[in-house]
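Each chain is listed here by its residues.
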Amino acid sequence: MSASLNAVAATTVTTAQDPACAEPLAVLGRDVTVPLVTGGEVTYAALDYAASAPALQRVWDDVAAYAPYYGSVHRGAGYLSQLSTDLFEQSRATVAEFLDCRPGDQVVFTRSTTDSLNLLAAVLPADCQVFVFETEHHASLLPWTNAQVTYLNAPRTPAEAVATLERALADREPYGPALVCVTGASNVTGELWPVKELAAAAHAHGARIVLDAAQLAPHHPVSVRDLDVDWVAFSGHKLYAPFGSGVLAGRADWLQEAEPYLAGGGASRKVSRREDGGVDVEWHTTAARHEAGSPNVIGVYSIASACRALTEAGFDNLVAREQQLVTRVREGLAEVPAVRVLSLFGDDAPRVGVISFVVDGWNSSHFAAALSAEYGIGVRDGLFCAHPLVRTLLGSEPQAQGECGAPEAAPGERSLNAIRVSFGAGTPDEHVERFVRAVKELVADGAKWQYRTEEGRCVPAV
């Protein structure tokens with residue numbers, strides 16, 4: 001590696017967190033203040049990590065150190081281009097190590113988890129059957145339009161999930177190539193899924209499995225080898241790494257045998273004209289086959305930086321601290337009889353820092369708006385791009401209309417929505433305490449401000 005590239009990488013040593021430190025990891029925006037409708041300002045409590053986690057300060061510093069050396073990747077003979085290419089490929093190796101990939105696995109850089117799963121959908125062999133639970137995020141529920149898809153009902157225990165999959169795979173006709181797609185941690189309930197057991201069931205019935213680790217990788221170590229999954233997909237923006245990059249990592253054969261996901265420069269090794277006027281193309285057999293165009297080197301490097309930062313901080317420490325926050329939130333919500341936490345597997349199920357709930361007497365959009373406007377707390381309300389799951393969890397439970405209505409429902413359907421609070425390695429204790437206190441105050445005393453619906457959102461009335 002060149003001297004300049006060593007200098008770029010050196011920031012990973014000088015800005016690393018102390019693995020034994022019980023404090024949250026430093027993130028951008030931790031000192032941002034926001035105005036309250038009731039007057040004054042407060043430090044913003046970002047509790048919507050499941051949508052996009054704030055960037056680690058470490059990631060931002062690493063990217064800033066590299067930025068002056070930015071150049072085209074795999075394209076130029078110049079020094080900066082060569083340095084950027086080295087950094088890009090070293091980032092691929094870093095991600096492979098972070099995921100504990102097997103020899104021969106490929107790491108393909110994409111735009112997001114959604115893009116990764118659409119890439120995999122595009123390379124499925126002919127007549128491949130796909131099995132997916134209705135509990136999935138839309139990113140893993142919807143891409144399989146060119147395959148025969150079996151949607152599995154929401155299980156109520158991890159064991160039921162395994163048994164449901166085994167029955168479906170055993171009954172499939174014809175017995176050909178098959179793929180199972182499953183989440184590692186629910187983006188609605190935060191509950192961990194029995195990935196290793198589902199992978200064993202899939203392989204026992206001649207199927208492959210892809211893990212949607214978008215909500216798992218930021219909170220827990222993910223080992224492709226130990227979980228025995230065929231592929232794993234995740235997004236940088238949920239892993240404390242902005243700039244719009246994602247990863248699909250795993251077995252190379254289906255990727256190498258399929259036509260490129262995008263046709264263009266970078267995916268092709270050789271292009272020549274034929275005598276009949278057409279074009280012959282020889283495509284790459286490496287990950288480049290599905291990385292046509294100019295790679296997002298900034299996004300890729302930010303993912304690699306986040307992988308190093310989380311590894312150096314120590315997942316044991318991160319998981320232990322996050323579980324303390326999960327316990328505090330769940331215990332605080334349990335003290336409010338009007339609150340119902342949503343769950344598939346029950347109170348004792350292991351989970352990451354993602355919790356969804358509804359409040360009796362409140363529309364969820366109204367409650368989330370009050371948390372923001374009156375307490376400076378950012379959460380999410382709605383169906384969380386997991387409509388079938390949230391509808392299953394909410395059932396026919398009515399929600400109060402309140403001063404702001406829920407998002408519009410389709411004709412003939414009731415409008416449903418919930419509130420989601422999510423947090424992680426960068427969340428201060430104070431943000432969680434403020435959230436619990438705010439929930440109790442809003443339920444006990446009501447909102448201090450008037451609200452109205454504007455373009456489908458609940459906002460403070462002016």
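Counting of residues starts from 1 at the beginning of each chain's written sequence and follows it residue by residue. For a predicted model such as this one, the threshold for reporting local features is a pLDDT of at least 70, and the threshold for listing and counting side-chain atom pairs is 80 or more; totals across whole chains, interfaces and linings nevertheless cover every residue. The basis for every side-chain value is the complete set of non-hydrogen atoms in the structure, without hydrogens or water.

1. A closer look at the sheet that holds strand 17 (residues 418–422)
Now for step 1: Should DSSP find at least two bridges between two strands, the strands are regarded as paired. In this text, helices come from DSSP runs of H or I with a minimum length of four residues, and strands from runs of E with a minimum of two, each type numbered from the N-terminal end. With respect to topology, four strands assemble into an open sheet ordered 13-14-17-16, the strand pairing being antiparallel. The sheet is open, and its two borders are formed by strand 13 (339–341) and strand 16 (380–382), each paired with just one other strand. Across the sheet, the axes of successive neighbouring strands diverge by a mean angle of 30 degrees, strand direction being ignored.
Now for step 2: In this sheet, strand 14 (residues 354–359) lies alongside strand 13 in antiparallel orientation, the contact comprising three bridges. Looking across to strand 14, one finds that Val341 is bridged to Phe357.
Now for step 3: Working rule for contacts: check all heavy atoms of both residues, and any pair within 4.5 Å makes them a contact. For helices, the fitted line uses only the C-alpha atoms of the stretch in contact; every axis is such a line through C-alpha atoms, and the angle between N-to-C directions lies from 0 to 180 degrees. Packing of helix 12 (residues 315–334) onto the sheet brings it into contact with strand 13, strand 14 and strand 17, and relative to strand 14 it is tilted by some 10 degrees.

2. Structural notes on the environment of Arg75
Now for step 1: Secondary-structure assignment places Arg75 in the loop between helix 3 (57–66) and helix 4 (79–98).
Now for step 2: In this view, Arg75 contacts Ser81, Gly265, Gly266, Gly293, Ser294 and Pro295; residues no more than four positions away in its chain are not counted.

3. Side note on the pattern of salt bridges
Now for step 1: By salt bridge we mean one thing: a side-chain nitrogen of Lys or Arg within 4 Å of a carboxyl oxygen of Asp or Glu. Applying the stated rule across the entire model yields 24 salt bridges.
Now for step 2: Between Asp115 and Arg111 there is a salt bridge whose closest N-O contact spans 3.6 Å.
Now for step 3: Residue classification places Arg111 among the exposed residues on the basis of a relative accessible area of 60%.
Now for step 4: Residues Arg251 and Asp253 are paired through a salt bridge, measuring 3.5 Å at the closest nitrogen-oxygen approach. For every residue, the accessible area (1.4 Å probe, protein chains only) is compared with the maximum for its type, and the residue is labelled buried under 20%, exposed over 50%, or partly exposed between those bounds.

4. Considering the packing of aromatic side chains
Now for step 1: Any two rings among Phe, Tyr and Trp, with Trp reduced to its six-membered ring, count as a pair given centres within 6.5 Å; such a pair is stacked if its planes are under 30 degrees apart, edge-to-face if over 60, and tilted if neither. Enumeration according to the criterion identifies eleven aromatic pairs in this entry.
Now for step 2: Ring centres 6.0 Å apart and planes at 75 degrees place the aromatic pair Tyr49 and Tyr240 in the edge-to-face group. Taken together, the residues span a long stretch of sequence, with Tyr49 in the loop between strand 3 (45–46) and helix 3 and Tyr240 in the loop between strand 9 (231–235) and strand 10 (246–250) at a distance of 191 residues.
Now for step 3: The exposure class assigned to Tyr49 is buried, which follows from its relative accessible area of 6%.
Now for step 4: Here Tyr240 falls in the buried class, since its relative accessible area comes to 1%.
Now for step 5: Ring centres of Trp231 and Trp254 lie 5.2 Å apart, and the angle between their planes is 35 degrees; this geometry places the pair in the tilted category. In this pair, Trp231 sits in strand 9 while Trp254 sits in helix 10 (residues 253–257), placing the two residues 23 residues apart along the sequence. Here Trp231 and Trp254 have matching classes, each one buried.

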